[in-house]
Amino acid sequence: MNDTPRLELSDVHKSFGPKVVLNGLNLSLAKGESVVVIGGSGTGKSVLLKCILGLLQPERGSIRIDGEETVGLRGAARERVLTKFGMLFQSAALFDSLTIWENVAFGLIEGAGMEREKARAIAIDKLAKVGLDEDMAESDPSALSGGMRKRVGLARAIATEPDIIFFDEPTTGLDPIMGDVINKLITECVRDLGATTLTITHDMSSARTIADRVAMLYGGQIIWAGGVDEIDQCDNPFVDQFIHGREEGPFALDVT
Amino acid sequence: MYNPLAIVGRFFLAFLATIGRLSMFTGKSLSAVVTPPFYWRLCLQQMMTIGYYSLPVVGLTALFTGAVLALQIYLGSARFGAESAVPNIVVVGLTRELGPVLAGLMLGGRVGAAIAAELGTMKVTEQLDALITLQTNPFRYLVVPRLVAATVTTPILVLIADIIGVMGGYLVGIHRLNFNSAVYLKNSYDFLEAMDVTSGLVKAAVFGFLIALMGCYHGFNSKGGAQGVGRATTDAVVSSLILILISNYFVTEAFFSQ
């Protein structure tokens with residue numbers, strides 16, 4: 001059996017000037033696994049995703065995807081690796097100049113070179129999977145609510161049926177009901193695709209719904225990782241403070 | 001205690017760093033121009049946005065510049081009895097200098113600002129990152145169509161501006177200054193040389209390239225939300241206008257230095 005991790009990060013360092021964001025981070029995701037990285041604001045969760053995608057270059061460390069080292073990859077080699085990824089951005093990052101179906105089909109048309117008509121049919125199918133009608137396909141993204149934008153972003157992330165999907169704060173800015181809808185859509189879509197997923201969030205409800213395994217990022221490192229069913233029994237004081245949302249605890253929050 | 005030398009040094013180093021970043025951005029953009037895939041549809045869209053929709057503002061500018069030029073030259077040349085030189089100076093002044101420079105300045109404000117604001121907003125809303133994750137090179141998809149469209153359409157706009165500007169001078173010449181219509185047109189045509197028009201069109205292509213380059217560069221490097229996009233837009237307009245005036249001198253030197 002091939003037990004090469006789908007995604008493996010070893011000793012990853014990333015700084016911005018004097019500010020150290022990732023400080024020797026280690027994380028591994030098995031094929032088909034859903035890992036949620038939790039952590040406070042500004043702890044480097046988004047930086048972690050951007051380093052894996054090559055949007056930021058780590059100063060040190062190794063990032064392996066299906067066993068292939070990807071740090072330093074550029075041009076065509078980077079684009080080849082990116083074909084394995086889908087991503088739902090925090091703000092959905094829909095292209096304002098394109099219609100909704102063109103947004104969903106973008107990776108198929110521009111990335112995979114598929115004909116527009118064929119790509120449109122797939123886009124409509126993916127929109128249906130996230131609960132959006134065909135009637136909306138020709139609309140402008142600016143006409144959508146926050147929840148609908150997330151759904152379109154999710155449809156775009158799964159349109160190319162990638163091996164690995166990243167979700168950046170998928171429920172941030174949504175009401176609890178819409179947040180739950182997005183969590184369920186993520187779970188269903190990922191289960192259908194059999195994809196490996198890495199989600200970053202500080203929404204514990206989202207983490208409990210999506211995750212097989214939860215990892216806590218603090219001080220640029222993963223300070224705790226375990227099954228989602230273990231998190232409530234965890235004796236790590238950082239995790240305990242975070243999941244219960246207490247002000248008192250080891251987190252040095254400057255609120256003055 | 002502030003050290004004046006340290007301040008000058010920091011300013012100079014920051015200036016050099018900007019030159020370096022701009023050079024790298026230009027290199028990447030030019031490399032993307034000659035590397036497939038080419039987005040022809042986007043190029044045509046940008047040609048419409050940059051060229052066609054700029055026609056009214058460039059045309060109006062040229063019309064009134066030609067008219068004012070005819071009036072001013074008439075008033076000036078009347079001092080030494082050279083009123084008949086009005087059509088000659090209007091046509092040469094417009095085709096060599098005022099047509100390309102004024103069109104460039106108008107486009108720098110209109111197009112440079114629009115490009116910087118659009119790309120800057122895409123940057124701060126993670127749309128540029130989204131493009132990359134969808135295996136699309138932002139330089140090929142966003143920068144190249146704008147660079148090509150601006151470089152190709154600005155000379156066409158300037159050619160139209162030249163014609164409209166000469167017509168502006170002609171209208172003032174025959175209706176206000178009592179020139180004979182046929183004589184005015186004949187003098188304009190006879191005096192004009194191919195090099196006058198060619199140099200203006202080459203300038204226009206250079207200006208178009210610089211406007212799009214500055215818009216894209218500042219848009220791609222914007223940060224910090226709405227304020228950052230606003231700053232990028234201002235920087236794009238100011239830098240493109242300055243570069244137009246500087247490059248105008250060097251292109252003129254290159255054409256007419258003998």
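A quick note: this is a predicted structure, and the numbers were derived from the prediction, not measured.

*Asks:* Break down the nonpolar core for me, with residues and values.
*Replies:* Counting residues in each nonpolar core, the largest one holds 75 residues, and the members touching the most others are L7, L9, I52, F85, F166 and L198 of chain A. If one sorts the elements of this core by residue count, helix 6 (residues 138-175) of chain B sits on top with 11 residues. Beyond its immediate stretch of four places on either side in the chain, L9 of chain A contacts L25, N26, L27, L48, I52, S62 and I63 of chain A. In terms of nonpolar packing, the next biggest core, distinct from the first, is built from 49 residues, A123, I124, I186 and F242 of chain A among them.

*Asks:* Give a detailed account of the packing of aromatic side chains, specifying residues and quantitative values.
*Replies:* For any two aromatic rings, the description comes down to two numbers: the centre-to-centre distance and the angle of the planes. Taken as a whole and judged by the stated rule, the model has 16 aromatic pairs over all chains. Judged by centre distance (5.1 Å) and plane angle (55°), the ring pair of F25 of chain B and F139 of chain B falls under tilted. Residue F25 of chain B is found in helix 1 (residues 4-33), and its partner F139 of chain B is found in helix 6; the two are separated by 114 residues along the sequence. This pair shows no difference in class: F25 of chain B is buried, exactly as F139 of chain B is. An aromatic cluster is present here, built from F95 and F106 of chain A together with Y39 and Y141 of chain B joined pairwise through their rings. A cation sits over an aromatic face here: R156 of chain A above F95 of chain A, 4.9 Å from the ring centre. Sitting above the plane of the F256 of chain B ring, R96 of chain B keeps its charged end 4.0 Å from the centroid.

*Asks:* Requested: an account of the pairing of strand 7 (residues 164-168) of chain A, with residues and values cited.
*Replies:* All names here are of chain A. A large share of strand 7 lies buried, amounting to five of its five residues. Burial of strand 7 is two-sided: the residues I164, F166 and D168 facing one way and the residues I165 and F167 facing the other way are all buried. As paired elements, strand 6 (residues 85-88) and strand 7 share four bridges and run parallel to each other. Looking at strand 7, one finds that L88 is bridged to F167. Looking at chain direction, strand 7 and strand 8 (residues 196-201) are connected through five bridges and run parallel.

*Asks:* Any chance you could break down the interface of chain A and chain B for me, citing the residues and the numbers?
*Replies:* With 22 residues of chain A at the contact, the number on the chain B side is 17 residues. In total, about 1,800 Å² of surface goes out of reach between chain A and chain B, with carbon and sulfur atoms giving 57% of it. On the chain A side of the contact with chain B, F95, F106 and E110 of chain A bury the most area, a combined 25% of that side's loss. Counting the contacts that link chain A with chain B gives two salt bridges. In this structure, the connection of chain A to chain B is made through four residue pairs in polar contact (both at pLDDT 80 or more). Among the elements of the structure, helix 1 (45-53), helix 2 (75-82) and helix 4 (106-111) of chain A are those that each provide at least two residues to the side of chain A that touches chain B. A total of four residues in the side of chain A that touches chain B trace back to one element, the largest contributor, which is helix 4 of chain A.

So, how was this worked out
- Residues numbered from 1 in each chain as written.
- Chains lettered and ligands numbered in written order.
- Predicted model: local features only at pLDDT ≥ 70, side-chain atom pairs only at ≥ 80, totals over all residues.
- Heavy atoms only, no water.
- Core = buried A, V, L, I, M, F, W, Y, C linked by side-chain atoms within 4.5 Å.
- Buried < 20%, exposed > 50% of the residue type's maximum accessible area, 1.4 Å probe, protein only.
- Helix = DSSP H or I, 4+ residues; strand = E, 2+ residues; numbered from the N terminus.
- Contact = heavy atoms within 4.5 Å.
- Phe/Tyr/Trp six-rings, centres within 6.5 Å; stacked < 30°, edge-to-face > 60°.
- Lys NZ or Arg CZ within 6 Å of the ring centre and 35° of its normal.
- Pairing = 2+ DSSP bridges.
- Buried area = accessible area lost by both parts, 1.4 Å probe.
- Salt bridge = Lys/Arg side-chain N within 4 Å of Asp/Glu carboxyl O.
- Polar contact = N/O pair within 3.5 Å; in protein donor to acceptor, adjacent residues only side chain to side chain.

Purely geometric numbers; function is a separate question.
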